[in-house]
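Chain by chain, the residues run as shown.
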Amino acid sequence: MNFPSELKYTKDHEWVRVEGNEAFIGITDFAQRELGDIVYIDINTVGEEVSKDDVFGSVEAVKTVSDLFMPVTATVLEINAALNDSPELVNTDPYGEGWMVKVTLTDAAQVAELLDAAAYQTLVGA
């Protein structure tokens, strides 16, 4: 499994990559492996401020649907349009082309509260 050190992680298996006052969010390699083949991403929160730990969408795999939880309070700017036609990008490249949303951070200090790669790796027992 892959645990990029430049990312921050949540106990709910989302990752965050901060770029200035914005961030990209997706699900981790561990999460996509647990879910299996992803067939649909449902996110309809563009333009909305979503509070930390609130649901911002869902991901549908062949056998299950799982909620997506916002790791930090943020306003959703954009959804990865590539996932509409190719949701499997989350399986093949969860930290790159499989990102889910781009957000503007409301409180950048919340990022410091997230797990680093080593702590997340310990959490999932890898």
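Thresholds applied
Residues numbered from 1 in each chain as written. Predicted model: local features only at pLDDT ≥ 70, side-chain atom pairs only at ≥ 80, totals over all residues. Heavy atoms only, no water. Pairing = 2+ DSSP bridges. Helix = DSSP H or I, 4+ residues; strand = E, 2+ residues; numbered from the N terminus. Phe/Tyr/Trp six-rings, centres within 6.5 Å; stacked < 30°, edge-to-face > 60°. Axes fitted to C-alpha atoms, helices over the stretch in contact; angles between N-to-C directions.

Novice: Please give an account of the pairing of strand β2 (residues 14-19) that cites residues and values.
Specialist: Pairing of strand β1 (residues 8-9) with β2, which is carried by 2 bridges, proceeds in the antiparallel orientation. Following the sheet pairing, Lys8 is matched in β2 by Val16. Linking β1 back to β2 in an antiparallel pair, the connection comprises 4 residues, with His13 at a positive phi of about 75 degrees. Relative to strand β3 (residues 22-27), β2 runs antiparallel, the two sharing 6 bridges. Along β3, the bridge assignment pairs Glu14 with Ile27.

Novice: Can you lay out the sheet that holds β3 for me, pointing to particular residues and giving the numbers?
Specialist: With antiparallel pairing, 6 strands are arranged side by side in an open sheet as β1-β2-β3-β9-β8-β5. Edge positions in the open sheet fall to β1 and β5 (49-50), since each of these has one partner strand only.

Novice: Now, about the packing of aromatic side chains: what can you tell me, with residues and values included?
Specialist: Applying the stated criterion across every chain yields a total of 4 aromatic pairs. Judged by centre distance (4.8 Å) and plane angle (10 degrees), the rings of Tyr9 and Tyr120 are stacked. Separated by 111 residues along the polypeptide, Tyr9 in strand β1 and Tyr120 in helix α4 (residues 117-123) bring together distant segments of the chain. For the ring pair Phe24 and Trp99, a centre distance of 5.0 Å and an interplane angle of 80 degrees mean the geometry is edge-to-face. Residue Phe24 is located in strand β3, and its partner Trp99 is located in the loop between α3 (89-92) and β9 (101-105); the two are separated by 75 residues in the primary sequence.

Novice: With reference to specific residues and values, describe the sheet that holds strand β6 (residues 55-61).
Specialist: The strand order across the open sheet built from 3 strands is β4-β6-β7, with neighbouring strands paired in antiparallel fashion. Strands with a single pairing partner mark the edges of an open sheet, and in this sheet they are β4 (38-42) and β7 (65-69). Between one strand and the next, the sheet's axes are offset by a mean angle of 25 degrees, whatever the strand orientation. In this structure, β4 lies alongside β6, joined through 4 bridges in antiparallel fashion. From the neighbouring strand, Ile38 faces β6, where its bridge partner is Ala61.

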